[in-house]
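The chain contents come next:
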Amino acid sequence: MTNKFNTKNYDYLIVGAGPFGMTFAYEAALRGKRSLIVEKRSFVGGNTHTHTENGITVHDFGAHIFHTDNKEVWDYVRKFAEFNGYQNQVVANYKGKLFNLPFNMNTFYQMWGTKTPAEAKAKIEEQKTAALQELGDRQPRNLEEQAISLIGTDIYEALIKGYTEKQWGRKATELPAFIIKRLPVRFIYDNNYFNHRYQGIPVGGYTQIFENMVDRSNGLIDVLTDTDFFDNKEEFLNEFPRVVYTGMIDQFFDYKFGELEYRSVRFESETLDTDNYQGNAVINYTDAETPFTRQMEWRHFDGLADEGKTIITREYPQDWDRTKEAYYPVNDDKNTDLYKQYVKAAREDAPEVLFGGRLGKYRYFDMDQVFNDAFNTVRQEFGVADDFNFAHDDVK
Ligand code: UDP
């Protein structure tokens, strides 16, 4: 039998050229292993993909700000690109009134006029007690209870409820509590959207990271873009001894236990003849009526663009179906149970396949968590010691 795809005796087939697949391929190359990456889209980098236009780096699938406490990951990504010192500071527009995010002393002052942490805490406690009398000592059971117990009803109603229900397409009472815990609540005047020690965006965009991985692989990574694994799934699986799969895990198994739920997003961009349209990189529209959740103005992410033009993008959440890209897994109890069935199938029916990334693991990962997930898979696959310094070696 002649191999149609495994023409070079590749060690790995990697499905998807996002951060998980690319990092795995690069680390495999460091160990002398050859990979073929198949990617259904026409570029590498997955949803971190960026392009530059009018001197402005545009993130094609929504704002990606790298933030992490994981020094190993931070050192790693900076081997492939220089990072700027961008710190995300998001402004919320609720019915024409502006608030700083995340929830901090500035937000509390704007909402209530409170000036000290004690005043703000007292206000939150008063609202929490009034709204959630029956909560007592039990843990918040959904996003609404979690949000009110963290920052009270006024901020919940203005800055969370509308945004969250548009973003997820369902009631905040039907969403898991952990989603709102992604956002810091702090009793200092600090508008940094993240709590992590390291933060920034690659100068010139993310795509170079993944192109550099290929360039530095000494020819051990080949990428086939515009190639859908599912057009030839059986041949691929027959020809390749080992597969890394980063697409949707339910699709891999032909949705045999049913579809996992995802949320999708649609983007609308405009180029305008001004060099400062909204005065900030990200403005969230937190009311229920505005159909988009946020508006980005890309030049403010790096401050490198010439005067004259700006590019803005609005982000519209939408239901996912099989014709759309999956962006967010919906990690509620129902989907978590379904996901466990797929994990069992992966273990029993596809032991030669390693699943990874946001879609392969069905987890609301941030970028740094995806890199870390890839490191862990590399450690398992190659038996590398925990203190191994990734990417310190030259390619063999
Ligand atoms: N969120 C909100 N109001 C905001 C921003 C975020 O209620 O102005 C909530 C919303 O439920 C969202 C979650 O916080 O899904 C996480 O927000 P984050 O900005 O981390 O989402 P991502 O950037 O991953 O879309």
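The rules behind each value
- Within each chain, residue numbers correspond to sequence positions counted from 1 in written order.
- pLDDT decides what is reported in this predicted model: residues at 70 or higher carry local features, side-chain atom pairs at 80 or more are listed and counted, and totals for whole chains, interfaces and linings draw on all residues regardless.
- Only hydrogens and water are set aside; all other atoms, that is, all heavy atoms of the structure, feed into the side-chain values.
- UniProt positions are given in the numbering used here, feature names are shortened, and annotations may be inferred rather than shown by experiment.
- For the purposes of this entry, the term helix denotes a DSSP run of H or I that reaches at least four residues, the term strand denotes a run of E that reaches at least two, and both are numbered from the N terminus.
- Here, strands pair whenever DSSP counts at least two bridges between them.
- Contacts were defined at the residue level, with two residues in contact if any of their heavy atoms lie within 4.5 Å.
- Fitted lines through C-alpha atoms serve as axes, helices being fitted only where they are in contact, and the angles separating the N-to-C directions of these axes extend from 0 to 180 degrees.
- We call Phe, Tyr and Trp rings a pair once their centres come within 6.5 Å, taking the six-membered ring for Trp, and we label the pair stacked below 30 degrees between planes, edge-to-face above 60, and tilted otherwise.
- Any Lys NZ or Arg CZ that is within 6 Å of a ring centre and within 35 degrees of that ring's normal is treated as a charge sitting over the ring.
- In the sections that follow, a salt bridge refers to a side-chain nitrogen of Lys or Arg positioned within 4 Å of a carboxyl oxygen of Asp or Glu.
- Summary of the burial criterion: residues with accessible area below 20% of their type's maximum are buried, those above 50% are exposed, and those between are partly exposed, where the area comes from a 1.4 Å probe applied to protein chains only.

A closer look at the UniProt feature "domain: UDP-galactopyranose mutase C-terminal" (unreviewed entry) in the chain
1) Next: UniProt records the feature "domain: UDP-galactopyranose mutase C-terminal" (unreviewed entry) at residues 159-364, using the numbering of this structure.
2) Next: A helix fraction of 25% and a strand fraction of 21% characterise residues 159-364, whose end C-alpha atoms lie 21 Å from each other.

Side note on the sheet that holds strand E15 (residues 328-329)
To summarise the sheet geometry, strands pair through backbone hydrogen bonds and adopt either a parallel or an antiparallel arrangement.
1) Next: The strand order E7-E6-E12-E13-E14-E11-E15 describes an open sheet built from seven strands, whose pairing is mixed. The open sheet terminates on both sides in strands that have one partner only, identified here as strand E7 (97-100) and E15.
2) Next: Its contacts with the sheet put helix H5 (residues 143-168) on strand E6 (91-94), E7, strand E11 (262-272), strand E12 (282-285), strand E13 (294-297), strand E14 (310-319) and E15, and the angle it makes with E6 is roughly 90 degrees.

Examining the environment of Lys361
1) Next: Note that Lys361 resides in the loop between helix H10 (357-360) and helix H11 (367-382).
2) Next: When the C-alpha atoms of Lys361 and Ala346 are compared, they prove to be 11 Å apart, with 15 residues separating the residues in sequence.
3) Next: Dropping the residues within four chain positions of it, Lys361 is found in contact with Tyr339, Phe355, Gly356, Asp373 and Thr377.

Remarks on the packing of aromatic side chains
1) Next: Overall, the coordinates contain 43 aromatic pairs when judged by the stated rule.
2) Next: Ring-pair connections join several aromatic residues into one group, and the members of that group are Phe5, Tyr10, Phe229, Phe230, Phe236, Phe240, Tyr245, Phe252, Phe253, Phe257, Tyr342 and Phe355.
3) Next: Taking NZ or CZ as reference, Arg41 lies 4.4 Å from the ring centre of Phe61, over its face.
4) Next: Above the plane of the ring of Phe292 lies Arg314, whose end atom (NZ or CZ) is 5.7 Å from the centre.

Let's talk about the pattern of salt bridges
1) Next: For the structure shown, the criterion picks out 25 salt bridges.
2) Next: Residues Asp349 and Lys256 are paired through a salt bridge, measuring 3.4 Å at the closest nitrogen-oxygen approach. You can see Asp349 sitting in helix H9 (residues 333-349) and its partner Lys256 sitting in the loop between helix H8 (249-252) and E11, a full 93 residues away along the chain.
3) Next: The partly exposed category is assigned to Asp349, whose relative accessible area is 48%.
4) Next: Using a relative accessible area of 47% as the deciding quantity, one classes Lys256 as partly exposed.
5) Next: Here Glu315 ties to Arg294 by a salt bridge, and the two come within 3.0 Å at their closest N and O atoms. One end of the pair, Glu315, is in strand E14; the other, Arg294, is in strand E13, and 21 residues separate them in sequence. In terms of burial, Glu315 and Arg294 fall into one category: buried.
6) Next: What emerges from the salt-bridge pattern is a single network uniting Arg170, Glu261, Asp332 and Lys334.

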